Amino acid sequence: DAGITQSPRYKITETGRQVTLMCHQTWSHSYMFWYRQDLGHGLRLIYYSAAADITDKGEVSDGYVVSRSKTENFPLTLESATRSQTSVYFCASRGTVSYNEQFFGPGTRLTVL
Amino acid sequence: AQSVSQHNHHVILSEAASLELGCNYSYGGTVNLFWYVQYPGQHLQLLLKYFSGDPLVKGIKGFEAEFIKSKFSFNLRKPSVQWSDTAEYFCAVLGANYGQNFVFGPGTRLSVLP
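Draft legend 1. Inspection of the pattern of salt bridges at higher detail. Scanning all chains against the criterion turns up 7 salt bridges over all chains. Where Arg17(A) meets Glu14(A), a salt bridge forms, and the shortest distance between an N and an O atom there is 3.4 Å. What makes Glu14(A) partly exposed here is its relative accessible area of 45%. Across the pair Lys78(B) and Asp85(B) runs a salt bridge whose closest N-O atoms are separated by 2.8 Å. Judged by its relative accessible area of 7%, Lys78(B) falls in the buried class. Through salt bridges with shared partners, one network takes in Lys58(B), Glu64(B), Glu66(B) and Arg77(B).

Here it is in structure tokens:
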């Protein structure tokens with residue numbers, strides 16, 4: 001089915017471990033985004049990508065790494081997870097026309113113990 | 001930095017009451033404006049969007065929003081809410097000064113009592 005998918009949907013890990021969250025979209029959208037959603041903070045941008053091999057930092061990028069070797073995939077890695085990274089993570093994608101809507105994935109709930 | 005504010009953190013209404021959620025943004029140039037809804041446990045979905053033309057925009061599920069350029073506002077309205085409208089609502093702005101990224105407001109939680 002076409003759309004944007006995230007995996008895993010739920011993840012529990014321990015402090016200091018590396019974790020990778022996967023995001024895949026089937027629309028060939030140029031832009032892809034990672035957000036985290038925390039109570040009281042709304043959605044905050046972690047990283048974004050304008051195209052394959054082009055990525056840039058968002059508002060809260062410390063402790064996160066991304067890559068985009070293929071247009072359809074945009075994995076997010078927590079190099080050494082911390083408790084403050086416990087959150088719900090949403091991936092999103094958008095086409096190149098500015099008034100295109102941004103489509104969101106179902107989210108990954110990450111708990112760092 | 002550009003910002004989006006939403007007037008209310010949590011709104012509680014009874015069914016059939018009218019709804020207005022405020023949204024203001026700080027950028028004065030050309031903007032595209034969006035309202036997203038997030039039902040409990042779900043991802044964000046687009047309710048409506050404005051990019052040009054008629055400043056009164058109609059969206060899904062009976063929602064509408066009015067763009068008032070002079071007030072930098074894009075308030076969301078619904079004449080009669082239902083219990084199923086219980087959700088979190090996010091205003092978002094995309095403009096030249098925002099780069100290629102949406103700027104989201106902090107969200108307004110709407111609770112509709114049956």
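Draft legend 2. Main features of the packing of aromatic side chains. All names here are of chain B. On inspection of all chains with the given rule, the structure shows 17 aromatic pairs over all chains. Ring centres of Tyr-25 and Phe-72 lie 5.7 Å apart, and the angle between their planes is 80°; on these two criteria the pair is classed as edge-to-face. Residue Tyr-25 is found in strand S4 (residues 23-25), and its partner Phe-72 is found in the loop between strand S8 (64-68) and strand S9 (73-78); the two are separated by 47 residues along the sequence. On the basis of an interplanar angle of 65° and a centroid distance of 6.4 Å, the ring pair of Tyr-36 and Phe-102 is categorised as edge-to-face. Residue Tyr-36 is found in strand S5 (residues 31-38), and its partner Phe-102 is found in the loop between strand S10 (87-95) and strand S11 (103-104); the two are separated by 66 residues along the sequence. For Tyr-36, a relative accessible area of 0% translates into the label buried. According to the relative accessible area criterion, Phe-102 is buried, its value standing at 4%.

Draft legend 3. Focus on the nonpolar core. With 30 residues, the main nonpolar core has Trp35(B), Leu48(B), Leu76(B) and Tyr89(B) as its most contacted residues. Apart from the residues within four sequence positions on either side, Leu76(B) is in contact with Leu19(B), Glu20(B), Leu21(B), Trp35(B), Leu47(B), Leu48(B), Phe63(B), Glu64(B), Ala65(B) and Tyr89(B). In this structure, Tyr35(A), Leu45(A), Leu46(B) and Phe104(B) belong to the second largest nonpolar core, which totals 19 residues.

Draft legend 4. Examining the layout of surface pockets more closely. The volume enclosed by the largest pocket comes to roughly 620 Å³. Within the residue set of the lining of the largest pocket, elements represented by two or more residues are strand S4 (31-38), strand S9 (87-94) and strand S11 (108-112) of chain A together with S10 and strand S12 (108-113) of chain B. Looking at the lining of the largest pocket residue by residue, the class counts come to 11 nonpolar, 13 polar and 5 charged.

Draft legend 5. Looking closely at the interface of chain B and chain A. At the junction of the two partners, chain B supplies 17 residues and chain A supplies 18 residues. Between chain B and chain A, roughly 1600 Å² of surface is buried when both sides are summed, and carbon and sulfur atoms account for 58% of that area. On inspection of chain B and its partner chain A, the count reaches 0 salt bridges. Across the contact surface, chain B and chain A share 2 residue pairs in polar contact (both at pLDDT 80 or more). At 4 residues, the largest contribution of residues to the side of chain B that touches chain A is made by S5(B). Among the residues making up the side of chain B that touches chain A, the classes are represented as 10 nonpolar, 6 polar and 1 charged.

Draft legend 6. Representation of the sheet that holds strand S8 (residues 76-78) of chain A. Residue and element names in this part refer to chain A. The strand order across the open sheet formed by 4 strands is S1-S3-S8-S7, and the pairing between neighbours is antiparallel. Only two strands of the sheet have a single neighbouring strand rather than two, namely strand S1 (4-7) and strand S7 (64-66). For this sheet, the mean inter-axis angle between neighbouring strands, taken without regard to orientation, is 20°.

Draft legend 7. Broad picture of the confidence of the model for chain B. Confidence along chain B averages 91 in pLDDT terms, with 94% of residues attaining 70 or more. No element of chain B has a lower mean pLDDT than S11(B), which averages 88, and none a higher one than strand S3 (residues 19-21) of chain B, which averages 97.

Draft legend 8. Fine view of the pairing of S9(A). Residues and elements named next belong to chain A. In terms of residue burial, S9 counts as a mostly covered element, since 8 of its 8 residues are buried. Burial of the side chains of S9 extends over both faces: Ser-87, Tyr-89, Cys-91 and Ser-93 are buried on one face and Val-88, Phe-90, Ala-92 and Arg-94 on the other. Sheet topology places S4 next to S9; 7 bridges connect them, and they run antiparallel. Bridge pairing links Arg-36 to Tyr-89 in S9. Inspection of the sheet shows S9 paired to S11 by 3 bridges, in the antiparallel sense. Counterpart to Val-88 in the pairing with S11 is Arg-109. Where S9 meets strand S10 (residues 103-104), 2 bridges bridge the pair, whose relative direction is antiparallel. Each bridged residue has a counterpart across the sheet, and for Ala-92 the counterpart in S10 is Phe-104.

Criteria and cut-off values
- Residues numbered from 1 in each chain as written.
- Chains lettered and ligands numbered in written order.
- Predicted model: local features only at pLDDT ≥ 70, side-chain atom pairs only at ≥ 80, totals over all residues.
- Heavy atoms only, no water.
- Salt bridge = Lys/Arg side-chain N within 4 Å of Asp/Glu carboxyl O.
- Buried < 20%, exposed > 50% of the residue type's maximum accessible area, 1.4 Å probe, protein only.
- Phe/Tyr/Trp six-rings, centres within 6.5 Å; stacked < 30°, edge-to-face > 60°.
- Helix = DSSP H or I, 4+ residues; strand = E, 2+ residues; numbered from the N terminus.
- Core = buried A, V, L, I, M, F, W, Y, C linked by side-chain atoms within 4.5 Å.
- Contact = heavy atoms within 4.5 Å.
- 1 Å grid on protein atoms, 1.4 Å probe; cavity = no way out; pocket = protein on both sides within 12 Å on 5 of 7 lines; lining within 4 Å.
- Points joined across faces, edges and corners; volume = space filled by probe spheres on them.
- Nonpolar A, V, L, I, M, F, W, Y, C, P; charged D, E, K, R; others polar.
- Buried area = accessible area lost by both parts, 1.4 Å probe.
- Polar contact = N/O pair within 3.5 Å; in protein donor to acceptor, adjacent residues only side chain to side chain.
- Pairing = 2+ DSSP bridges.
- Axes fitted to C-alpha atoms, helices over the stretch in contact; angles between N-to-C directions.
- pLDDT = per-residue confidence, 0-100.

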